[in-house]
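# Geometric and topological summary
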Amino acid sequence: MNRELTVLRRFAIVCLILFLVTLGTATMIQAGEMEIPSLKEVYEPYFEIGAAVSAGVLNRYDELLQKHFSSLTAENSMKFSEVHRNPGRYTFHAADRIVEYAQSHNMLMRGHTLIWHSQVPAHVFLDDDLERVDREVLLERMQEHIQLMMDRYGDAVYAWDVVNEAISDEPGEYLRTNSRWYEIIGEDYVAQAFRMAHEADPEAKLFYNDYSAVQPAKRDKIIRLIKELQADGVPIHGVGLQGHWSLYDPSVETIRRALEMYAELGIEIHITELDLSVYAWNTRAPMMWEPSEEILKLQAKRYGEIFALFREFSDVITNVSFWGVADDHTWLDNFPVPNRKNWPLLFDEFLEPKPAFWSVVDF
Ligand code: HAH
């Protein structure tokens, strides 16, 4: 009797221990996996969710990229200066890696960017005697570059930023005059680039992309450019609004008005380079070692409002891409102020979701 009781008691204790261990493990697994919603799944009914990457971050961000993003942009690797730094020498491996990654994970790619005044090497505009080439030669080189890029990446890239930042920031000036393309080819270089791109890949969606695109002065010039292209029968299928914004600027009303006006053009809108700087442009104030709770809350509120607006326009907005993935790597750490840490994205430096993430997915 006594012996039976001891055996029974032992059995009960073993059962209890087993039960507790199982319970503990289950809770641990749950806490470790902490299922957070997937951005791209939440936004599937609205638009694609993209991110700009370099080949070097693909491993580190692998999990985040696969879970949350349906579209990729090469942050730098497809730019003229990266693929054709010196005459006759081409380097494609970084761009190739990003494209292979996108294809193997069934992600879309945006092509950024074919013709731009910046990050383009000087040799493009010079002959063997280091004299400036003429219009005909530069048009040939433009065509060569567009053809080369679209032939190589056309299968993967569904939308190209054919021309980037051609509009001037100067009041009273229409096209940016401090561009070699403009100087040598003349005003029609934009139209020429679009026609060449369409010829190179008639299937590709062709975009004009710019910053400050919701500010009324620049917005009106961009709209004028697109209308002129359309009137001339130039193939253009979308406008890219970069979306390098901040906690303070532009107002939701300014963004709304711009979206209404761009929507009237009858082409698609991509938000191509979204990030929300925690600073008001080129100041270091407030001085920050890390973003305060208050700043993170403000950022979350802004992101929430901006995405609510994007959802309202989801019949014309077809892709919203961030200029980066997480706060450990952002171009804003060095622009417009060198060595000023910034925290503009939805994931923090440890790749964990920030309050801004939650306000974008909870609505
Ligand atoms: C963008 N320019 C470019 O399109 C992108 O290729 C680059 O990597 C980063 C930003 C933005 C920009 C600006 O907002 C103000 C002045 C110059 C450039």
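Heads up: these notes are all about the structure in this document. Bear in mind the structure is a predicted one, so any value in this text is a computation, not a measurement.

This brings us to the packing of aromatic side chains. Per the counting criterion, the structure on display carries 21 aromatic pairs. Plain terms: the ring middles of Phe-47 and Phe-310 are 6.5 Å apart, the flat faces sit at 80 degrees to each other, and that makes the pair edge-to-face. With a gap of 263 residues between them, Phe-47 in the loop between α2 (39–42) and β1 (48–53) and Phe-310 in helix α11 (residues 293–312) connect regions that are remote in the sequence. Between the aromatic rings of Tyr-303 and Phe-307, the centroid separation amounts to 6.4 Å while the plane-to-plane angle is 40 degrees, which identifies the pairing as tilted. A residue pair is termed a helical-turn pair when its members lie 3 or 4 positions apart in one helix, as Tyr-303 and Phe-307 do in helix α11 at four residues. Under the relative-accessibility criterion, Tyr-303 is labelled buried at 0%. Each residue in the set Tyr-43, Tyr-46, Phe-47, Trp-245, Tyr-303, Phe-307, Phe-310, Phe-322 and Phe-363 is aromatic and connected to the rest through ring pairs, giving one cluster. The ring of Phe-207 carries Arg-110 above its face, with NZ or CZ at 5.2 Å from the centroid. A cation over an aromatic ring shows up here: Arg-311 above the ring of Phe-363, its NZ or CZ 3.6 Å from the ring centre.

Near the ligand lie 13 residues; those nearest to it are Lys-79, His-112, Asn-164, Glu-165 and Glu-273. At a separation of 2.8 Å, an oxygen atom of the ligand approaches a polar side-chain atom of Lys-79. Here an oxygen atom of the ligand and a side-chain polar atom of Gln-242 are 3.2 Å apart. Summarising the interface, the protein chains cover 83% of the accessible area of the ligand, which totals 430 Å² for the free molecule. Taken together, the residues of the shell around the ligand sort by class into five nonpolar, four polar and four charged.

Viewed as axis vectors pointing N to C, helix α10 (residues 252–263) and α11 meet at an angle of 20 degrees, and their least axial separation amounts to 11 Å. Classified by the angle their axes make, α10 and α11 are roughly parallel. Every pair of crossing elements has a handedness; the one defined by α10 and α11 is right-handed. Listed contacts from α11 to Val-252, Ile-255, Arg-256 and Leu-259 of α10 are Arg-302, Glu-305, Ile-306, Leu-309, Phe-310 and Glu-312. Its residues placed into classes, the contact of α10 with α11 shows six nonpolar, no polar and four charged.

Extensive coverage of strand β5 (residues 205–210) is indicated by the burial of five of its six residues. Here strand β4 (residues 157–164) runs beside β5; their pairing, made up of five bridges, is parallel. The partner of Ala-159 across the bridge, within β5, is Lys-205. Sheet topology places β5 next to strand β6 (residues 238–241); four bridges connect them, and they run parallel. In the sheet register, Asn-209 faces β6, and the bridge partner there is Gly-240. Regarding the hand of the β-α-β motif, the stretch spanning β5, helix α9 (residues 216–231) and β6 is right-handed.

Position of Asp-249 among the secondary structure elements: in the loop between β7 (244–246) and α10. Along the backbone, Asp-249 and Trp-281 are 32 residues apart, and their C-alpha atoms lie at a distance of 8.9 Å. The residues contacting Asp-249, other than those within four sequence positions of it, are Gln-215 and Arg-302.

Estimated volume of the largest pocket: approximately 720 Å³. Lining the largest pocket are 33 residues, and of these Tyr-211, His-244, Trp-281, Trp-331 and Phe-335 sit closest to its centre. Elements with a contribution of two residues or more to the lining of the largest pocket: β3 (108–116), β7 and β8 (268–277). Broken down by element, the lining of the largest pocket gets its largest block of residues, three residues, from β7. Residue classes in the lining of the largest pocket are distributed as 16 nonpolar, eleven polar and six charged.

Core analysis: the largest hydrophobic core is formed by 106 residues, its most contacted members being Leu-65, Trp-181, Phe-307 and Phe-310. Among the elements that make up this core, the one with the highest residue count is helix α8 (residues 189–200) (eight residues). When residues no more than four places from it in sequence are discounted, the contact partners of Leu-65 are Ala-51, Val-53, Leu-58, Leu-72, Tyr-101, Met-107 and Val-325. If you look at the next biggest cluster of nonpolar residues, it comprises six residues, including Val-278, Tyr-279, Met-288 and Ile-295.

Turning next to the pattern of salt bridges. The final tally for this structure, using the stated rule, is 19 salt bridges. Linking Arg-110 and Asp-161 is a salt bridge whose minimum nitrogen-to-oxygen distance equals 2.8 Å. With Arg-110 in strand β3 and Asp-161 in strand β4, this pair connects stretches of sequence that are 51 residues apart. The pair formed by Arg-110 and Asp-161 is uniform in burial state, with each residue classed as buried. Linking Arg-256 and Glu-312 is a salt bridge whose minimum nitrogen-to-oxygen distance equals 2.9 Å. Of this pair, Arg-256 sits in helix α10 while Glu-312 sits in helix α11, and the two are 56 residues apart along the sequence.

Our focus in this paragraph is the environment of Ala-191. One can find Ala-191 in helix α8. Taking the C-alpha atoms as reference points, Ala-191 and Glu-228, 37 residues apart in sequence, are found 9.3 Å from one another. Residues in contact with Ala-191, not counting those within four places in the same chain, are Leu-229 and Val-234.

Rules and cut-offs
Residues numbered from 1 in each chain as written. Predicted model: local features only at pLDDT ≥ 70, side-chain atom pairs only at ≥ 80, totals over all residues. Heavy atoms only, no water. Phe/Tyr/Trp six-rings, centres within 6.5 Å; stacked < 30°, edge-to-face > 60°. Helix = DSSP H or I, 4+ residues; strand = E, 2+ residues; numbered from the N terminus. Buried < 20%, exposed > 50% of the residue type's maximum accessible area, 1.4 Å probe, protein only. Lys NZ or Arg CZ within 6 Å of the ring centre and 35° of its normal. Near = heavy atom within 4 Å. Polar contact = N/O pair within 3.5 Å; in protein donor to acceptor, adjacent residues only side chain to side chain. Areas by Shrake-Rupley, 256 points an atom, 1.4 Å probe, with all protein chains shown as cover. Nonpolar A, V, L, I, M, F, W, Y, C, P; charged D, E, K, R; others polar. Axes fitted to C-alpha atoms, helices over the stretch in contact; angles between N-to-C directions. Parallel < 35°, antiparallel > 145°, perpendicular 65-115°, else oblique. Left-handed = near helix turned anticlockwise from the far one by under 90°. Contact = heavy atoms within 4.5 Å. Pairing = 2+ DSSP bridges. Right-handed = clockwise from strand over helix to strand, strands pointing away. 1 Å grid on protein atoms, 1.4 Å probe; cavity = no way out; pocket = protein on both sides within 12 Å on 5 of 7 lines; lining within 4 Å. Points joined across faces, edges and corners; volume = space filled by probe spheres on them. Core = buried A, V, L, I, M, F, W, Y, C linked by side-chain atoms within 4.5 Å. Salt bridge = Lys/Arg side-chain N within 4 Å of Asp/Glu carboxyl O.

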